[in-house]
Amino acid sequence: MTHPFLDLAPLSAARFASIEDRVARLLHTGQDVLIMQGEALLPLEGAIRAAAGPGTTALNVITGPYGQTFGNWLRDCGAEVIDLAVPFHTAVTAEQIRAALAERPEIDFVSLVHAEAATGNTNPVAEIGPVVREHGALFYLDAVASVGAEPVLVDAWGVDLCVIGAQKAMGGPAGVSAVSVSERAWARMAANPRAPRRSYLSLLDWKERWIDGGRTALPHAPAQLEMLALEACLERIEAQGLDAVMARHARAAAATRAGALALGGGLEPYVHDAADAAPVATTLRAPAGTDAAELVARALESDPALPVSAGGGALAKEMIRVNHYGPDATPATVRGALVALGQALAERGLTVDVAAALGAADVAGR
């Protein structure tokens, strides 16, 4: 079997480093940035296991399923974990963070998801970051879903570990991801005897073999096609302008929310306050007496390619998610989702107004 992609010259260390530099600019950071050779769960877990261990007291904010996962990893590392859980239809506030830190002054690690695509909320990191920094805790942020859809300002917000993936709002590959690491975070890792070493999870291995060596020799063969896809994705964002890409997501979110409200049939936004709603995906509460997964299945009969899904796990019966991110952050996607959901609701005998929904979406998405 032959294919032109299989005959490419090996990716050089200089090319790899240049892609890392572009990611750093996207995150507005002067920190070290590592591109990891795997999906974002790799650096998400690797960063926690490197920076946390026995003696760590972590405040773990739960606004969706990923926050729950982080708490499990932290406990597995031997950290004492204080969970701050808020209802999934809202967002955590800086004052809630401040109160939790004041109650437990020994907290030295804070983990937070910026935007929870699974629940459709987004947390005000610009307000939370200064609170965490004032307390002196290490700040770990999952920005996988938010990057490209809303601002991610690592240095301005005082984020010590920021993990991103390209497969959502950036419209790029899922097979590579990145993490920015502050000097404080590197020092914490170096002092942690349980930090992974000689492991695929190890950030310290990458630092010693790649960064400390001047980024001149890659520690192993890179995922070449995924790296080139990431480079193309970054080039596209730079050409369009990050502000324009974010604005496109904001318009899609506003249009979806307005259209769902105008559609009727008992469909309503899952996240109550529009200010708490993530621009990467809009979650909707299925009407009483209906099953969200069933409605989604009916909606997809008309167009299986629509980025509409039911919530995960326990949310499958009540939540519908419209994933308007990356190439799907467009008016056409929003209109298609509203039409399909309107048809599914009408088939259940519910009264809907598709024309009103499309009109409201057009106005809100301008």
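Residues numbered from 1 in each chain as written. Predicted model: local features only at pLDDT ≥ 70, side-chain atom pairs only at ≥ 80, totals over all residues. Heavy atoms only, no water.

**Describing the overall build of the protein**
Condition: Secondary structure counts use DSSP, requiring at least four H or I residues in a row for a helix and at least two E residues in a row for a strand, with both numbered from the N terminus. The quantity called the radius of gyration is restricted to C-alpha atoms. Its globule counterpart is 2.2 Å times the number of residues to the power 0.38. Residue contacts follow a heavy-atom distance rule, with two residues in contact if any of their heavy atoms lie within 4.5 Å. Accessible surface is estimated by sampling points in the Shrake-Rupley manner with a 1.4 Å probe; for residues, cover comes only from the protein chains shown. Only four residue types enter the charge count, namely Lys and Arg as positive and Asp and Glu as negative; His and the chain termini do not. Positions of charges follow a simple convention, taking NZ of Lys, CZ of Arg, CG of Asp or CD of Glu.
Of regular secondary structure, the protein possesses 13 helices and 13 strands. Relative to the 2.2 N^0.38 estimate, which gives 21 Å for 366 residues, the radius of gyration of the protein is 21 Å and therefore close to what a compact globule would have. Sequence-distant contacts in the protein: of pairs separated by 6 or more residues, those separated by 24 or more amount to 71%. Total accessible area on the protein stands at roughly 14,600 Å², and carbon and sulfur atoms take up 55% of it. On the protein, the mean spot of the 28 positive side-chain charges and the mean spot of the 41 negative ones are 2 Å from each other.

**Comments concerning empty space enclosed by the protein**
Left-over empty space is what a probe sized like a water molecule reveals as it rolls over the atoms. Note the cut-off: Definitions used for this entry: grid spacing 1 Å over protein atoms alone; cavity, a set of points where a 1.4 Å probe fits but cannot get out; pocket, an open set with protein on both sides within 12 Å along at least 5 of 7 lines; lining residue, one with an atom within 4 Å of a point. Grid points are joined across faces, edges and corners, and a volume is the space filled by probe spheres set on the points.
Applying the stated criterion across every chain, the model contains one cavity of 30 Å³ or more. In this structure, the largest cavity occupies an estimated 50 Å³ of space. Together, Val23, Ile164, Gly165, Ala166, Met170, Val176, Ser177, Ala178 and Leu230 line the largest cavity. Residue assignment for the lining of the largest cavity shows that the elements contributing at least two residues are β8 (161-165) and β9 (177-181).

**Section: the packing of aromatic side chains**
For any pair of aromatic rings, the description rests on two quantities: the centre-to-centre distance and the angle between the ring planes. Keep this limit in mind: Only rings of Phe, Tyr and Trp enter the pairing, Trp through its six-membered ring, and a pair is recorded when the two centres are within 6.5 Å. The plane angle decides the type: under 30 degrees is stacked, over 60 is edge-to-face, the rest tilted. Burial classes: relative accessible area under 20% of the type maximum marks a residue as buried, over 50% as exposed, and values in between as partly exposed (1.4 Å probe, protein chains only).
Throughout the structure, instances matching the rule amount to five aromatic pairs. Relative to Trp210, the ring of Phe16 lies with its centre 5.4 Å away and its plane at 80°, an arrangement referred to as edge-to-face. On the criterion of sequence distance, the pair formed by Phe16 in helix α1 (residues 13-26) and Trp210 in helix α8 (residues 203-211) is long-range, its members being 194 residues apart. Both residues of the pair, Phe16 and Trp210, count as buried.

**Quick notes on the pairing of strand β3 (residues 80-85)**
Along a regular strand, successive side chains alternate from one face of the sheet to the other. As a reminder, the rule being used: Strand pairing is assigned whenever DSSP identifies at least 2 bridges connecting the two strands. The handedness of a crossover follows from its direction of travel: if, with the strands pointing away from the viewer, the path from the first strand over the helix to the second runs clockwise, the crossover is right-handed.
Examined bridge by bridge, strand β2 (residues 57-62) and β3 share six bridges and lie parallel to one another. Bridge pairing in β3 links Leu59 to Ile82. Once the chain exits β2 it traverses helix α3 (residues 65-76) before rejoining the sheet at β3, and the crossover so formed is right-handed.

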